[in-house]
Amino acid sequence: QVQVVEFGGKSVKAGGSLKLSCTASGLHFSTNAMGWFRQAPGKEREFVATIGWSGIAIYYADSVKGRFTISRDNAKRTVSLQMNSLKPDDTAVYYCAAGPLPLRVQAKYNYWGQGTQVTVSS
C-alpha cells in the first residue's frame with residue numbers, strides 16, 4: 001500500500017527557517033511528481049510547491065516564491081521543503097502529495113500524507 005509521511009513541522013518565530021521532509025513508499029517514487037500543499041484554520045487547502053520526477057520542473061505559489069525551496073532525492077525517496085523568512089500567514093498544516101505530473105491542482109495528486117503542523121509566531 002502507498003504511504004506518504006511528512007516530518008519536521010514545529011513552532012518557529014517569524015523570520016525564521018524550517019525544513020519539512022516527506023517520504024513515500026509503495027509507489028514508483030522516481031517517476032512521480034511530488035507536491036506540497038497547506039491548509040490554515042478556517043481556510044481551504046492551497047498549493048505551495050511542486051516538483052517533477054527529475055527535479056527540473058518546479059513551480060511555486062506566488063505567496064512563497066523566493067522564500068521556499070522544494071527539492072527531491074529519488075535515491076532516498078524523499079522530497080523536502082526548505083522554508084525561509086517565515087511569516088505568521090505561513091501557519092498551517094502542510095501536506096505532501098504524490099501524483100503523475102507537477103501540477104498546482106490538488107485533484108491531480110493520487111496519494112496524500114497526514115500533514116505536519118507548522119506554526120509561525122509574530
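Please refer to the structure higher up on the page.
Residues numbered from 1 in each chain as written. Predicted model: local features only at pLDDT ≥ 70, side-chain atom pairs only at ≥ 80, totals over all residues. Heavy atoms only, no water.

Undergrad: Got a minute to help me understand a nonpolar patch on the surface in this structure?
TA: On the surface, a cluster of nonpolar side chains totalling about 240 Å² of accessible area is made up of Leu101, Leu103 and Val105. Checked against the element boundaries, Leu101 lands in the loop between strand 9 (92–99) and strand 10 (111–112). (Patch = residues over 30% accessible without salt bridge, like charges linked within 9 Å, V, L, I, M, F, W, Y side chains within 5 Å. Areas by Shrake-Rupley, 256 points an atom, 1.4 Å probe, with all protein chains shown as cover. Salt bridge = Lys/Arg side-chain N within 4 Å of Asp/Glu carboxyl O. Helix = DSSP H or I, 4+ residues; strand = E, 2+ residues; numbered from the N terminus.)

Undergrad: For this particular structure, what's the right way to read the nonpolar core?
TA: The nonpolar side chains of a soluble globular protein tend to be buried, and buried together. Met34, Trp36, Leu81, Met83 and Tyr94 are the most contacted members of the largest nonpolar core, which has 33 residues in total. Sorting the residues of this core by element identifies strand 3 (18–25), strand 4 (33–39), strand 5 (46–51), strand 7 (68–73), strand 8 (78–83), strand 9 and strand 11 (116–121) as the ones contributing at least two each. When sequence neighbours within four positions are dropped, the list of residues in contact with Leu81 reads Leu18, Lys19, Leu20, Trp36, Val48, Ala49, Phe68, Thr69, Ile70 and Tyr94. (Core = buried A, V, L, I, M, F, W, Y, C linked by side-chain atoms within 4.5 Å. Buried < 20%, exposed > 50% of the residue type's maximum accessible area, 1.4 Å probe, protein only. Contact = heavy atoms within 4.5 Å.)

Undergrad: Hey, could you run me through the sheet that holds strand 8 in this one?
TA: In a beta sheet, neighbouring strands are held together by backbone hydrogen bonds and run either parallel or antiparallel to one another. Overall, antiparallel pairing links the four strands, which are arranged 1-3-8-7 in an open sheet. Each edge of the open sheet is held by one strand with a lone partner, namely strand 1 (3–7) and strand 7. Strand-to-strand twist of the sheet, defined as the mean angle between neighbouring strand axes without regard to direction, takes the value 15 degrees. Summarising the sheet, strand 3 and strand 8 pair through six bridges and their orientation is antiparallel. Bridging from a neighbouring strand, Ser21 pairs with Ser80 of strand 8. (Pairing = 2+ DSSP bridges. Axes fitted to C-alpha atoms, helices over the stretch in contact; angles between N-to-C directions.)

Undergrad: Which parts of the structure should I look at to understand the state of the cysteines?
TA: Each disulfide is one covalent bond, formed between the sulfur atoms of two cysteines. The final tally for this structure, using the stated rule, is one disulfide. Across a sulfur-sulfur distance of 2.1 Å, Cys22 and Cys96 are joined as a disulfide pair. What sets the handedness of the Cys22 and Cys96 disulfide is the S-S torsion sign, and at about -85 degrees it is left-handed. Linking Cys22 in strand 3 with Cys96 in strand 9, this pair joins segments that are 74 residues apart in sequence. For the pair shown, Cys22 and Cys96 are each scored as buried. (Disulfide = S-S within 2.5 Å.)

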